[in-house]
Amino acid sequence: MLLHHRFLSRSRAHPDRTAIIIRGASTTYGEVLSRAGAVAATLQAAGVRRGDRVALYLNNSAEFVAGVFGTLMAGAVFMPVNPMTKADKLAYMLNDAAVAALLTERSLAWVWQPAIRHCASLKSVLMHGEPLVDTEPGPPVGPWPAGLAEPPDDRDVIDQDLAALIYTSGSTGLPKGVMLTHLNMVSAARSVSQYLGLADTDVIYCALPLAFDYGLYQVLMALSAGASVVLASSFAFPAESLATMARHRVTVFPGVPTMFSMVLGMSGIERFDLSAVRLITNTAAALSERHIQDLRRLFPQARLFSMYGLTECKRVTYLPPEQLDIRPTSVGRGMPNEEVWLVDEQGQRLPNGSVGELVIRGSNVMRGYWNAPEETARKLRDGPIPGERLLYSGDIFRTDAEGWLYFVGRKDDILKSRGEKVSPREVENAIYALDGVGEVAVVGVPDDLLGQAVKAIVERTQDSTLTERDV
């Protein structure tokens, strides 16, 4: 089973079913399949072969989705790049990954044109949009494939081959390419879909960037399940987003705390009929207890999943919604087909009720970092089974007596004040409990006496009279 196989079977069984909705326009499964087939055929004609990297430098769009599946059908590795990425960073990633082809759009030409000048590995650029008038030195720039085509034969690819290369921030300041195989991504998508209970009747609203794994997997899981995705470019205008959700009877609303804060800060939200929403998911950062309570009041019919994950394995934990009243600040336990535990600084496994680094074991764990053996060796270490590699998350958690997990902070985020270890997250939770607090971020600042002082940046809610002294 390869990452795109379930999408292929859904498309052939139900070609007229709606796959993607963008600004009210629908694209069917059959149309996505044909467009992806055209991308695959064009890539192969340009010399892209099994295992080659294909960068997707695109905004959220139907072209992005066709580009992902077209690259996979060609036997290549798709590499999503945030469209906010600047030219120097884009050039670094293209060269580091020795990218063979770039799928992009006209509106981003001012960034990618200078970035591709010195990328010797680049064979072809496929651009969506109006042709460029002035071309610059570099590989040929061709139009986005306009025809429709059947997907090519991918029988040479196996599930140990790379499906994606996703760059994430590195401690050195340079991004690291996370190598994910077909097996890694199929395993992750299957486990997440299982605990969420995604069905072919679901309509998922995705305003998350497809260049990041949380947004990307909304499309991968939806099109594997036979569901529909309403794609938005951003959540900058929450009223417009909620109107879109109401119009399309959205059933699944994935978001991050910033998005949910925007929703909770709105007035007149009752004018939107959001009664179809049955699932709300949150990751990237933990929701405060107050935000959880407010979201549940706003969406009483929906089940809320608090989750934790990292690019190196997609998802790690989830909290079953029925546990929210019992342990609202927990991120749950490991998801299906995975094992997690905490270790101390010597790597020894810790019992329940301890604080330590989270370790992940499962088929969703990455192959490693591209061209970074030392970084890989720090993150992937020997496990209890000979030859097995475990993922050391770099994140500190605590467990309660029953083994439920609570995020404390990243190993390099823990503050040390007066010789005591302080979790920024715990301080944020305390401040969130105050009336009049909209959002808060806690950081450490240098202090001659304390070593580090704890600094809080607080945004008040509208009409709040909260003062610094109150906090």
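## Details of the overall build of the protein chain
Helix and strand counts for the protein chain come out as 12 helices and 26 strands. Over its C-alpha trace the protein chain gives a radius of gyration of 23 Å, about what one expects of a compact globule, namely 23 Å for 471 residues. Relative to its full complement of 471 residues, the protein chain shows a buried share of 57%. Restricting to contacts in the protein chain with at least 6 residues of sequence separation, those with at least 24 account for 62%. Of the side chains in the protein chain, 46 bear a positive and 52 a negative charge, and the two mean positions are spaced by 2 Å.

## Some thoughts on the nonpolar core
Core analysis: the biggest nonpolar cluster contains 115 residues, and Phe69, Met185 and Phe253 have the highest contact counts within it. Ranked by residues supplied to this core, first place goes to helix H7 (residues 213–225) with 8 residues. Apart from residues lying up to four places away in sequence, Phe253 is in contact with Tyr205, Phe235, Met245, Met259, Phe260, Val263, Val277, Leu279, Ile280, Thr281 and Phe299. Judged by nonpolar contacts, the second largest core, of 28 residues, contains Met93, Leu94, Val99 and Leu165.

## Details of the pairing of strand E14 (residues 303–308)
A large share of E14 lies buried, amounting to 5 of its 6 residues. Here strand E13 (residues 279–282) pairs with E14 via 4 bridges, running parallel. Each bridged residue has a counterpart across the sheet, and for Asn282 the counterpart in E14 is Ser306. The handedness of the E13 to E14 crossover, carried by helix H10 (residues 289–298), is right-handed. Relative to strand E15 (residues 317–319), E14 runs antiparallel, the two being bridged by 3 bridges. Note that in E15 the partner of Ser306 across the bridge is Leu319.

## Remarks on the packing of helix H3 (residues 62–73) against H7
Running from amino to carboxyl end, H3 crosses H7 at an angle of 70°, the nearest separation of the two axes being 12 Å. Relative to H7, H3 is oriented roughly perpendicular. Note on packing geometry: the crossing formed by H3 with H7 is right-handed. Residues Phe64, Val65, Val68 and Phe69 of H3 pack against Leu216, Val219, Leu220 and Leu223 of H7. Considered class by class, the residues forming the contact of H3 with H7 number 8 nonpolar, no polar and no charged.

## A few points about helix H1 (residues 5–13)
Among all positions of H1, only Phe7, Leu8 and Ser11 are buried. In a view along the axis of H1, the buried residues occupy a sector of 100°, so they form one face of it.

## As for unusual backbone geometry
Unlike most non-glycine residues, Ala98 shows phi in positive territory, near 50°. With respect to the element layout, Ala98 can be found in the loop between helix H4 (87–96) and strand E5 (101–105). The class for Ala98 is partly exposed, based on a relative accessible area of 30%. Non-glycine residue Asn371 carries a positive phi angle of around 55°. With respect to the element layout, Asn371 can be found in the loop between strand E19 (368–369) and helix H11 (373–379). The exposure class of Asn371 is exposed, given its relative accessible area of 56%.

## Details of helix H12 (residues 424–432)
Within the span of H12, buried status applies to Pro424, Arg425, Glu428, Ile431 and Tyr432. Taken down its axis, H12 places every buried residue within 120° of arc, on the same side.

## Regarding the packing of helix H6 (residues 182–196) against H7
Their axes nearest at 10 Å, the elements H6 and H7 cross at an angle of 80°. Taken together, the axes of H6 and H7 lie roughly perpendicular to each other. Residue-level inspection shows Met185, Ala188, Ala189, Val192 and Ser193 of H6 in contact with H7, the latter providing Leu216, Tyr217, Leu220 and Met221. Here the residues of the contact of H6 with H7 sort into 8 nonpolar, 1 polar and no charged.

## With respect to the packing of aromatic side chains
In the structure shown here, the tally under the stated rule is 12 aromatic pairs. Ring centres of Tyr195 and Phe305 lie 6.0 Å apart, and the angle between their planes is 35°; on these two criteria the pair is classed as tilted. With Tyr195 in helix H6 and Phe305 in strand E14, this residue pair connects regions lying 110 residues apart in the sequence. Classification of Tyr195 as buried rests on a relative accessible area of 8%. Through successive ring pairs, a cluster of aromatic residues spans Tyr205, Phe235, Phe253, Phe260 and Phe299.

## Observations regarding the pattern of salt bridges
For the structure on display, the rule yields 17 salt bridges. We note a salt bridge from Arg278 to Asp202, for which the minimum N-O separation is 2.8 Å. Of the two residues, Arg278 is situated in the loop between helix H9 (257–264) and E13 and Asp202 in the loop between H6 and strand E10 (203–206); the sequence distance between them amounts to 76 residues. Classification of Arg278 by relative accessible area gives partly exposed; the value is 29%. By relative accessible area, Asp202 is classed as buried at 3%. Members of the salt-bridge network, linked through shared partners, are Glu339, Arg349, Arg361 and Glu388.

What counts as what
Residues numbered from 1 in each chain as written. Predicted model: local features only at pLDDT ≥ 70, side-chain atom pairs only at ≥ 80, totals over all residues. Heavy atoms only, no water. Helix = DSSP H or I, 4+ residues; strand = E, 2+ residues; numbered from the N terminus. Rg over C-alpha atoms; globule rule 2.2 N^0.38 Å. Buried < 20%, exposed > 50% of the residue type's maximum accessible area, 1.4 Å probe, protein only. Contact = heavy atoms within 4.5 Å. Lys, Arg positive; Asp, Glu negative; His and termini not counted. Charge placed at Lys NZ, Arg CZ, Asp CG, Glu CD. Core = buried A, V, L, I, M, F, W, Y, C linked by side-chain atoms within 4.5 Å. Pairing = 2+ DSSP bridges. Right-handed = clockwise from strand over helix to strand, strands pointing away. Axes fitted to C-alpha atoms, helices over the stretch in contact; angles between N-to-C directions. Parallel < 35°, antiparallel > 145°, perpendicular 65-115°, else oblique. Left-handed = near helix turned anticlockwise from the far one by under 90°. Nonpolar A, V, L, I, M, F, W, Y, C, P; charged D, E, K, R; others polar. Arc of directions from axis to C-beta. Phe/Tyr/Trp six-rings, centres within 6.5 Å; stacked < 30°, edge-to-face > 60°. Salt bridge = Lys/Arg side-chain N within 4 Å of Asp/Glu carboxyl O.

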